[in-house]
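# Summary of structural features
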Amino acid sequence: MATLTVLKYPHPLLKQRAHPVTRFDAELGRLAEDMLQTMYLEGGIGLAAIQVGQLRRLVVMDLRDAPGAPVAEEEDGEEVDRELRRNPRVFVNPVITASSGETVSEEGCLSVSEYTAEVRRAAKVALSYQTPAGEARQEEFEGLGAICIQHEIDHLNGLLFIDRLPPLKRQMVRKRLAKLARSA
Ligand SMILES: [Zn+2]
């Protein structure tokens, strides 16, 4: 496994549309593994391939370490091995086939440093996707899972969560982030 570099806003690749995955081979599995490792290392709960410079419709996710996630495994104050708690998920060519409800929550992104904002999204989504082996699957998500999936699919379409903010706020944020990028 290797750790990959996460591209930061305003990297031009983050505005590109990713291409459908057509080859379900060992290399795809390795990329997903590397993305998971990178996501764990950076402390994220989701990562799209485009964020590591790969224009492929591939997303990884693990909600186990999300802030506010239930920690039922931790009994008697005993720390359970992080590795054991993990629940890595891989979605290839994910498509939202239905969505309902509305929810507003604070979002951040590994590609957008030092900024979080409230974003409005569907509360519930139905997803069709493929496994790294190419098998077709369907699954429903709500809560954080639904929010994360929508955020990651946005990445595959060249959108960041800041692009979903109201116009005035979006302008302000872009200016601030551009300034930050220049001073980095
Ligand atoms: Zn993101």
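Going along each chain's sequence as written, the residues are numbered from 1 onward. Confidence filtering applies because this is a predicted model: local features only for residues at pLDDT of at least 70, side-chain atom pairs given and counted only at 80 or more, and all residues used for totals across whole chains, interfaces and linings. Here the side-chain values reflect all heavy atoms present in the structure, with hydrogen atoms and water set aside.

Another aspect to go through is helix α1 (residues 26-42). Strands are runs of DSSP state E lasting at least 2 residues, helices are runs of H or I lasting at least 4, and numbering of each runs from the N terminus. In this scheme, a helix's expected span is set at 1.5 Å multiplied by one less than its residue total. With 17 residues, α1 should reach 24 Å at 1.5 Å per residue; the first-to-last C-alpha distance of 24 Å fits that figure. Summary of the burial criterion: residues with accessible area below 20% of their type's maximum are buried, those above 50% are exposed, and those between are partly exposed, where the area comes from a 1.4 Å probe applied to protein chains only. Buried within α1 we find L28, L31, A32, D34, M35, L36, T38, M39 and Y40. Directly after α1, the chain includes G43, whose backbone phi takes a positive value near 75°.

Taken together, the protein ligands of the zinc ion are C109 (SG), H151 (NE2) and H155 (NE2), with distances of 2.1 to 2.2 Å. Between the donor residues of the zinc ion, the gaps in sequence give the motif C-x41-H-x3-H. Taken together, the positions of H151 and H155, both in helix α3 (residues 143-156) and four residues apart, correspond to about one turn of that helix. On the basis of relative accessible area, H151 is assigned to the buried category, the value being 7%. Classification of H155 by relative accessible area gives buried; the value is 1%. Here a donor is an N, O or S atom found within 2.8 Å of the metal, or within 3.2 Å if the metal is Na, K or Ca; sites may look incomplete because water is not among the atoms.

Basic side-chain nitrogens of Lys or Arg form a salt bridge, by our definition, when they fall within 4 Å of a carboxyl oxygen of Asp or Glu. The full count for this structure, using the stated rule, is nine salt bridges. Note that E135 is salt-bridged to R137, the shortest N-O span being 2.7 Å. Classification of E135 by relative accessible area gives partly exposed; the value is 40%. For D163, the salt bridge identified is with R174, shortest N-O distance 2.8 Å. Of this pair, D163 sits in the loop between α3 and α4 (167-183) while R174 sits in helix α4, and the two are eleven residues apart along the sequence.

All right, on to the sheet that holds strand β2 (residues 58-61) then. The five strands are arranged β1-β2-β3-β6-β7 in an open sheet whose pairing can be described as antiparallel. If you trace the sheet from one side to the other, it starts and ends with β1 (46-48) and β7 (136-142), each paired once. Averaged over all pairs of adjacent strands, the angle between strand axes in this sheet comes to 40°, irrespective of strand direction. For two strands to be treated as a pair, DSSP must find at least two bridges joining them. Bridge count between strand β6 (residues 124-130) and β7: seven bridges; the pairing is antiparallel. Bridge assignment links L127 to a residue of β7, and that residue is E139. Contact criterion: two residues are considered in contact whenever any of their non-hydrogen atoms come within 4.5 Å of each other. Interaxial angle, 0 to 180 degrees, is taken between N-to-C directions of lines fitted to C-alpha atoms, where a helix line uses only the stretch in contact. The strands touched by α1 are β1, β2 and β3 (89-100); relative to β2, the strand with the most contacts, the crossing angle is about 40°.

This next bit is on the packing of aromatic side chains. Between the rings of Phe, Tyr and Trp (Trp by its six-membered ring), a pair exists once the centres lie within 6.5 Å; its type follows the angle of the planes, with under 30 degrees stacked, over 60 edge-to-face, and the other angles tilted. Taken as a whole and judged by the stated rule, the model has three aromatic pairs. Measuring from centroid to centroid gives 6.3 Å for Y115 and F161, while their planes differ by 20°, and the two rings are stacked. Pair noted here: Y115 is in strand β5 (residues 112-121) and F161 is in the loop between α3 and α4, with a separation of 46 residues, a long-range link. Take Y115 and F161: they sit in the same class, and that class is buried. Each member of the aromatic cluster is reached from another via a ring pair, and the members are F91, Y129 and F141.

In this section: the nonpolar core. Buried Ala, Val, Leu, Ile, Met, Phe, Trp, Tyr and Cys residues form a nonpolar core when they are joined through side-chain atoms within 4.5 Å. Among the nonpolar cores identified, the biggest contains 17 residues, and M35, L47, L58, V60 and V90 are the most heavily contacted of them. Among the elements that line this core, the one with the most residues is α1, at seven residues. Contact partners of M35, with chain neighbours within four places excluded, come to L4, L47, A48, A49, V52, L58 and V60. With 16 residues, the next largest nonpolar core counts V59, F91, F141 and C148 among its residues.

This part takes up the pairing of strand β4 (residues 103-109). Alignment of β4 against β5, held across six bridges, turns out to be antiparallel. In the sheet register, T103 faces β5, and the bridge partner there is R121. Between β4 and β5, which follow one another and run antiparallel, lie two residues.

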